[in-house]
Each structure stands twice: as C-alpha cells, then as structure tokens.
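Notes for the structure review
If you want the building blocks of each chain, they are given just below.
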Amino acid sequence: MCIILACSSEKQSVNDEEKLQQIGREYVTLGLTIGQYDPDFVDAYYGPDSLRPAAAKDTADFPKDSLTLRITELKSRVTDLLTNTKNDTIRQRAEWLGSQLMAFERRVKIVAGERDAFDTESRDLFDAVAPIYNEKHFQDLIAQMDSILPGKGALPDRFQKLAARFLIPKDKIDTVFQVAIAEARRRTLQHYTLPSGENFKLEYVTDKPWSGYNWYKGNYQSVIQINISQPIFIQRAIDLACHEGYPGHHVFNVLLEKNVYHDQGSQEISLYPLFSPQSLIAEGSANYGISIAFPGDSQEEYCKQILMPLAGIDTTGAHLYFEALKISSALNYARNEVARGLINKSMNDKDALRWLTDYCLLTEKGATDYLRFIKKYGSYVINYNYGQDLVKNYIEKTSGQDQEKRWKAFEKLLSNPMRASDLVAADKK
C-alpha cells in the first residue's frame with residue numbers, strides 16, 4: 001500500500017509539473033502579446049522564438065477584453081493547481097506566477113486608461129504597498145540637512161552648491177564609469193561564480209527620464225546605458241555601476257537565466273515584465289547591492305581615494321557631502337508621495353515640482369525630468385526605496401552583521417523568483 005501511495009504521489013507531481021510548464025509557456029506568450037501593444041511592458045525576453053506571438057494586426061487597437069479573458073483563464077488554472085498540488089516547489093512557482101498575472105491584469109487596465117488609487121495599483125503591480133509619510137516627516141529631515149549644510153539661503157540651493165563641487169566633468173565620465181564598474185565587478189566576483197562569457201556593453205545616451213538602464217539581452221549579456229543629459233555626481237558612478245551592473249541588475253538577470261531558466265527549466269522566468277512583482281525585487285536588490293559591494297563608509301573612501309582624483313575633483317568637503325547624501329537618501333520617499341499625489345489627484349504638477357525641489361532637493365531640470373519619470377512609470381517609484389528597505393530587512397535579519405553571510409543570502413535572493421510578500425513573511429518569522 002505504501003508503494004502504491006508513493007507512486008500515486010509521484011505521478012501527481014509529474015502531472016502538476018506538466019501543467020505548470022504549460023501555464024508558464026502560455027504566460028510568456030501572453031506577456032509578449034501585451035508587449036506588442038504596450039512598448040514599456042517587456043523589459044527582457046530570452047526564451048525561444050517559438051513562444052513569440054504572431055505580429056498583431058493593429059497595435060493601435062488595444063484588445064483589452066480579449067487580453068483580460070486570457071489572463072483570467074490562466075489565473076484560474078494557477079488557482080486550481082495551488083488547490084490540488086502537494087509539491088512545495090510547484091506551489092512556490094505557481095504563487096509567483098499568480099502574482100505576476102495579477103500585475104498583467106492591472107497593467108492592461110492602466111493601458112486601457114482605467115486608473116485606480118496609487119496603493120491599489122502598486123499592490124497589484126508590485127505586490128507591495130509603501131508606507132505613507134506626511135509633509136512634516138520630510139520637513140524634519142530637511143531641518144536635519146539644514147543643520148549640517150554651511151551658508152545661508154534656500155536649502156535646495158545650498159545642497160546643489162555643495163553637490164556641484166563633486167560633479168564629474170563630461171570628459172571624465174567614461175573613465176570614471178569604466179573604473180567604477182570594474183571595481184564593482186571585481187568585488188562581486190570575489191563572492192560569486194558567474195557563467196563564463198557574461199559581459200555587458202556600456203553606452204551613453206541623452207534625453208531620458210532615468211539616469212541609468214540595464215537592457216538584459218539574454219545569454220548572460222547586457223547593455224548598460226547612462227543618461228548624460230542629467231548631471232552625474234561622483235557617488236553616482238558607484239551607485240550606477242552596482243545598480244545596473246554588479247551585483248545589481250546584470251547579475252540578477254544572469255543568475256536567474258542560469259539557475260532558473262537553464263538549470264531548472266522554468267520557462268516563465270525568460271520573460272521579465274517591467275510592471276510586475278519581479279521589478280520590486282530587481283530594483284530593491286539593485287539598490288541594496290550598492291551597500292553589499294561597498295559596505296559602511298567604503299563607498300565614500302573609494303570615491304575620495306580613487307574616483308575623485310581620477311575625475312580631477314578636490315576631496316575637500318567630501319565627508320560633509322556624503323553625510324548630506326545619507327539624509328537625501330531618506331528624503332527619497334518623498335518621490336513616492338509625489339507619485340501618490342499625482343495618481344490620486346491630490347497634487348497637480350506645480351505641487352509635484354515643489355515637492356521634488358524642496359524635499360528631493362532636485363534642480364529645476366532634475367525635478368522636471370523626474371516628473372516625466374513618474375508620469376511614465378507611476379507607482380513603479382516604490383520599487384527603489386521601499387523595495388530596497390524590504391531587501392535590506394530580509395538580508396540583514398537572515399545574516400546579521402556577517403558580510404560574507406550577507407553576500408550568500410543576497411545570491412540566494414538573486415537566484416530565485418521571489419515577491420515582496422515573501423520578504424515580508426520571512427521577516428515576520
């Protein structure tokens with residue numbers, strides 16, 4: 001009888017695996033179909049061409065109803081699988097797919113012009129609702145900044161005056177970035193073994209709403225673009241080197257392709273939909289990865305000892321600048337409130353620009369550029385700050401202060417499909 005039960009259980013697992021594989025293939029085709037109408041939807045795809053849908057007959061005519069029906073049908077099959085499977089691995093994959101499909105459904109509504117409240121959209125798209133901070137919270141942080149910055153006058157102007165001393169000259173940008181990326185890669189390879197031949201191409205672009213972007217091409221290759229229309233300050237060389245490259249987006253995608261797509265045969269991971277829970281993990285880990293590669297004050301020290309001399313920047317006042325940046329990092333949550341206000345219609349453009357200059361300390365051009373970003377990407381903004389905090393709490397609760405353990409826990413996070421709710425659940429244990 002035990003043998004019969006074991007065989008029955010094994011057969012059920014095989015059947016569940018076949019069902020999940022089929023759902024995964026249809027999920028990919030469905031995501032690529034949405035991408036035919038929404039050019040921002042598919043951030044990367046490295047699966048077989050056989051899963052690409054036929055060319056849409058009329059991409060101007062968005063087929064909301066038919067796409068919604070396909071999403072609903074796939075969600076139903078995922079729910080049925082979750083109800084009946086006894087295999088934990090299959091359950092985890094199915095739960096992840098269910099969250100991704102919820103994001104598909106929400107994004108289709110947004111593209112069709114159906115907007116909901118900011119928190120509703122972020123929960124459906126990214127499996128997370130960021131904390132709300134009132135204006136007093138940011139005023140208190142500004143008071144802290146005011147107490148350490150020299151001079152008189154408007155605080156944003158004083159901050160920008162200090163920051164301007166650490167601006168990378170245009171003719172030094174490539175030199176500084178090449179060195180910063182090489183160092184970030186060196187530090188990452190001390191802890192991780194990446195697939196042979198992994199590499200990236202570095203490009204400089206202009207007139208983008210973002211400062212940097214990683215376009216993952218599959219086969220362990222990336223294109224990293226840096227937007228030089230925006231001023232690039234010295235710490236951003238390390239920030240972007242880590243965030244876009246090592247151990248950030250490039251490593252994240254490389255490890256998922258190697259460990260999940262090739263080794264485990266999970267077809268669904270070959271599609272990276274930008275507006276999905278996958279992005280909170282991607283952006284949160286990429287931001288936290290800066291402190292993994294450059295823990296404590298090592299980013300400041302590397303800038304002062306290596307990058308500033310390379311850029312011809314005087315290091316006088318650098319420590320004050322980095323202290324101001326710590327407060328500026330906490331102020332980044334103001335970006336969420338701007339996006340929340342715009343989507344909920346409790347802010348207009350004038351209010352948004354005031355918040356971006358007064359609390360995010362952006363220049364007038366920087367505020368205008370970031371307003372463009374918010375209008376294009378909406379609640380995506382929570383992935384950078386709240387995502388980083390969720391990853392930070394997860395890694396540091398798992399590993400404590402042991403840096404080597406943090407690298408190992410971080411590699412595990414980068415190598416497995418996870419959601420914000422998984423990080424929160426682990427934090428509560």
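Scope of this entry: the structure provided in the associated data block.

Cut-off values and rules
Residues numbered from 1 in each chain as written. Predicted model: local features only at pLDDT ≥ 70, side-chain atom pairs only at ≥ 80, totals over all residues. Heavy atoms only, no water. Helix = DSSP H or I, 4+ residues; strand = E, 2+ residues; numbered from the N terminus. Rg over C-alpha atoms; globule rule 2.2 N^0.38 Å. Buried < 20%, exposed > 50% of the residue type's maximum accessible area, 1.4 Å probe, protein only. Contact = heavy atoms within 4.5 Å. Areas by Shrake-Rupley, 256 points an atom, 1.4 Å probe, with all protein chains shown as cover. Polar contact = N/O pair within 3.5 Å; in protein donor to acceptor, adjacent residues only side chain to side chain. Salt bridge = Lys/Arg side-chain N within 4 Å of Asp/Glu carboxyl O. Phe/Tyr/Trp six-rings, centres within 6.5 Å; stacked < 30°, edge-to-face > 60°. Pairing = 2+ DSSP bridges. Expected span 1.5 Å × (residues − 1).

**So, the overall build of the chain**
- Each helix and strand in the chain was counted, giving 18 helices and five strands.
- For 429 residues, the compact-globule formula gives about 22 Å, and the C-alpha radius of gyration of the chain, at 23 Å, lands near that figure.
- Reported as C-alpha extents along the three principal axes, the dimensions of the chain are approximately 80 × 50 × 45 Å.
- In the chain, which comprises 429 residues, the proportion classed as buried is 51%.
- Within the chain, contacts between residues separated by at least 24 positions form 73% of all contacts whose residues are at least 6 apart in sequence.
- When the accessible area of the chain is evaluated, it comes to approximately 19300 Å², of which 51% is carbon and sulfur surface.

**A look at the side chain of Ser222**
- Among the structural elements, Ser222 can be located in strand β4 (residues 221-227).
- A distance of 3.3 Å separates polar atoms of two side chains, one belonging to Ser222 and the other to Asn214.
- The residues touching Ser222, leaving out its near neighbours within four places in the chain, are Asn199, Phe200, Lys201, Asn214, Trp215, Tyr216, Lys217 and His250.

**Observations regarding the pattern of salt bridges**
- Inspection of the entire model under this criterion finds 37 salt bridges.
- For Arg93, the salt bridge identified is with Glu17, shortest N-O distance 3.3 Å. With Arg93 in helix α3 (residues 88-111) and Glu17 in helix α1 (residues 2-37), the pair connects residues that are 76 residues apart, well separated along the chain.
- Note on Arg93: relative accessible area 13%, which makes it buried.
- When the shortest N-O distance is used, the salt bridge between Glu198 and Arg185 registers 2.5 Å. Of the two residues, Glu198 is situated in the loop between α7 (173-189) and β2 (199-205) and Arg185 in helix α7; the sequence distance between them amounts to 13 residues.
- Take Glu198: its relative accessible area is 6%, and that puts it in the buried class.
- Residue Arg185 is classed as partly exposed on the basis of its relative accessible area, which comes to 30%.

**Considerations on the packing of aromatic side chains**
- Going through the model one piece at a time under the given rule, you end up with 27 aromatic pairs.
- Geometrically, the ring pair formed by Phe126 and Tyr380 is edge-to-face, given 5.6 Å between the ring centres and 85 degrees between the ring planes. In this pair, Phe126 sits in helix α4 (residues 118-126) while Tyr380 sits in the loop between α15 (364-377) and α16 (382-399), placing the two residues 254 residues apart along the sequence. Of the two residues, Phe126 and Tyr380, both sit in the buried class.
- Site record: aromatic cluster; members linked through ring pairs are Phe126, Phe275, Tyr370, Phe373, Tyr377, Tyr380 and Tyr384.

**Remarks on the pairing of strand β3 (residues 212-218)**
- β3 sits mainly inside the fold: five of its seven residues count as buried.
- The turn linking β3 back onto β4 is made up of two residues, and Asn219 within it adopts a positive phi angle of 55 degrees.

**Considerations on helix α12 (residues 318-331)**
- Compared with the 20 Å implied by 1.5 Å per residue over 14 residues, the 20 Å span of α12 between its first and last C-alpha is a close match.
- Taken together, the buried positions of α12 are Ala318, Tyr321, Phe322, Ala324, Leu325, Ile327, Ser328 and Leu331.

**Quick notes on unusual backbone geometry**
- In this structure, the amide linkage connecting Tyr246 to the following residue, Pro247, adopts the cis form with an omega of 5 degrees.
- Here Pro247 is to be found in the loop between α8 (234-245) and α9 (249-262).
- In this model, Lys345 sits at a positive phi of 65 degrees, which is unusual for a non-glycine residue.
- Of note, Lys345 is situated in the loop between α13 (333-343) and α14 (349-358).

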